[in-house]
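A structural walkthrough
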Amino acid sequence: MAINLQKGQRENINAPKFTVGLGWDTNNTSTGTAFDLDASLFLLGENKKLVSDNHFIFYNNLESPDQAVIHSGDNLTGDGAGDDEQIRIDLTKIDASVKEITVVVTIHDADARRQNFGQVRNSFIRIFNTDTNEEILKYELDEDFSIETAVEFGRIYNRNGEWKFEAVGSGQREGLEKFVAMYQ
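Residues numbered from 1 in each chain as written. Predicted model: local features only at pLDDT ≥ 70, side-chain atom pairs only at ≥ 80, totals over all residues. Heavy atoms only, no water.

A short note on the overall build of the protein chain
This is how it is decided: Each helix corresponds to a stretch of at least 4 residues labelled H or I by DSSP, and each strand to a stretch of at least 2 residues labelled E; elements are numbered beginning at the N terminus. The quantity called the radius of gyration is restricted to C-alpha atoms. Its globule counterpart is 2.2 Å times the number of residues to the power 0.38. For every residue, the accessible area (1.4 Å probe, protein chains only) is compared with the maximum for its type, and the residue is labelled buried under 20%, exposed over 50%, or partly exposed between those bounds.
Across its full length, the protein chain carries two helices and twelve strands. Traced from its N-terminal end to its C-terminal end, the protein chain shows the element sequence β-β-β-β-β-β-β-β-α-β-β-β-β-α. Here the C-alpha atoms of the protein chain give a radius of gyration of 15 Å, agreeing with the 16 Å that 2.2 N^0.38 yields for 184 residues. In terms of principal-axis extent, the alpha carbons of the protein chain reach across some 45 × 35 × 25 Å. In the protein chain, buried positions account for 51% of the 184 residues.

Quick look at the structure:
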């Protein structure tokens, strides 16, 4: 049975191979322009910086160099039920220098389209065992981010040889560029 996390909570990930699923819907009172949310992962070392530029996983770089992290690709609409984007993670293959994986969701072209996370609803991140499909945990983003265009949903980190997930739920207005600058 999956554990539903609240902001700030942490939970062990007891599966060497798991999938991160992200989902969302847009409000009916949208801007008239389609929403394109993008999931990105930053694979960080001890210093909280990208291990290399190739360890930034997003719609233009779908795989980590060791193929331990594989992004399903860009969902341009978020239509339908369930996960809108998925990222498979295989901890048996991950580069030993990776100590943290930060999961960020941004709105593509948010400023030009006058969009923000206040216009997005039912946002969630879930982690499930890739081999058994058993859901391990779920974090539903229930805050109103009325001006934010980027949200750090959570982080997966290695502490004393154990991988854990922390529900972060922290937004900002500067989009993906700010996260890239932070982690380079």
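Side note on the pattern of salt bridges
Using the following cut-off: A carboxyl oxygen of Asp or Glu within 4 Å of a side-chain nitrogen of Lys or Arg is what we treat as a salt bridge.
Using the criterion set out here, one finds eight salt bridges in the structure. Between glutamate 135 and arginine 126 there is a salt bridge, and its shortest N-O distance comes to 3.0 Å. Accessibility expressed as a relative area gives 24% for glutamate 135, which makes it partly exposed. Arginine 126 gets classed as buried once you look at its relative accessible area, which sits at 18%.

With respect to the sheet that holds strand S4 (residues 37-44)
This is how the line gets drawn: Pairing between strands is defined by DSSP: at least two bridges between the two strands are required. It only takes one pair of heavy atoms within 4.5 Å for two residues to be counted as in contact. Here an angle of 0 to 180 degrees is reported between the N-to-C directions of two axes, which are lines fitted to C-alpha atoms, with helices fitted over the stretch in contact.
Strand order in this open sheet of six strands is S2-S12-S11-S8-S4-S5, and the pairing throughout is antiparallel. Two strands lie at the open edges of the sheet, namely strand S2 (10-12) and strand S5 (56-57), each paired on one side alone. Summarising the sheet, strand S8 (residues 100-107) and strand S11 (residues 150-159) pair through seven bridges and their orientation is antiparallel. The residue of S11 that forms the bridge with valine 103 is glycine 154. Sheet strands in contact with helix H2 (residues 175-183) are S4, S5, S8, S11 and strand S12 (162-172), and its direction is about 5 degrees off that of S4.

Overview of the pairing of S12
For S12, the buried fraction is high: eight of the eleven residues fall into the buried class. Sheet analysis places S2 next to S12, joined by three bridges and oriented antiparallel. Residue pairing in the sheet places asparagine 12 in a bridge with lysine 164 of S12. What sits between the antiparallel neighbours S11 and S12 is a turn of two residues, in which asparagine 160 has the positive phi angle 55 degrees.

Here we look at the side chain of arginine 126
For the record, the criterion: Think of a polar contact as two N or O atoms within 3.5 Å of one another; within protein, one of them needs to be a possible hydrogen donor and the other a possible acceptor, and neighboring residues in sequence only count if both atoms come from side chains.
With respect to the helices, strands and loops of the structure, arginine 126 is situated in strand S9 (residues 120-129). Within the structure, the side chain of arginine 126 is placed 3.0 Å from the side chain of glutamate 135, a separation counted as a polar contact. Excluding anything up to four places from it in sequence, arginine 126 contacts Thr19, Val20, Gly21, Asp83, Gln86, Glu135, Leu137 and Lys138.

What to know about the environment of leucine 50
Mapped onto the secondary structure, leucine 50 falls in the loop between S4 and S5. With relative accessibility at 14%, the residue leucine 50 sits in the buried group. Counting along the chain gives 57 residues from leucine 50 to isoleucine 107, while the straight-line C-alpha distance between them is 22 Å. In this structure leucine 50 touches Phe42, Leu43, Leu44, His55, Phe56, Tyr183 and Gln184, once residues within four positions along its chain are discounted.

Considerations on the nonpolar core
Test applied: Residues grouped as a nonpolar core are buried Ala, Val, Leu, Ile, Met, Phe, Trp, Tyr and Cys residues, joined through side-chain atoms within 4.5 Å.
Val20, Leu22, Leu41, Ile89, Ile127, Ile156 and Phe165 are the most contacted members of the largest nonpolar core, which has 40 residues in total. Among the secondary structure elements, those contributing two or more residues to this core are strand S3 (17-26), S4, strand S7 (85-90), S8, S9, strand S10 (135-141), S11 and S12. When near neighbours in sequence (up to four residues on either side) are disregarded, isoleucine 156 contacts Ile13, Phe18, Val20, Ile89, Lys99, Glu100, Ile101, Val103, Ile127, Trp163, Lys164 and Phe165. Of all hydrophobic cores here, the second largest spans eleven residues; its members include Phe42, Phe56, Val104 and Ala150.

Concerning the environment of valine 104
Relative to the elements of secondary structure, valine 104 occurs in strand S8. In the structure, valine 104 is positioned 71 residues away from glycine 175 in sequence and 9.9 Å away in space, judged by C-alpha atoms. In contact with valine 104, other than residues within four places in its own chain, are Asp38, Ala39, Ser40, Phe42, Val151, Glu152 and Phe179.

Overview of the side chain of serine 64
Note on placement: serine 64 falls in the loop between S5 and strand S6 (69-71). Contacts of serine 64, omitting those with residues within four sequence positions, involve Leu43, Asn54, Ile57 and Val69.

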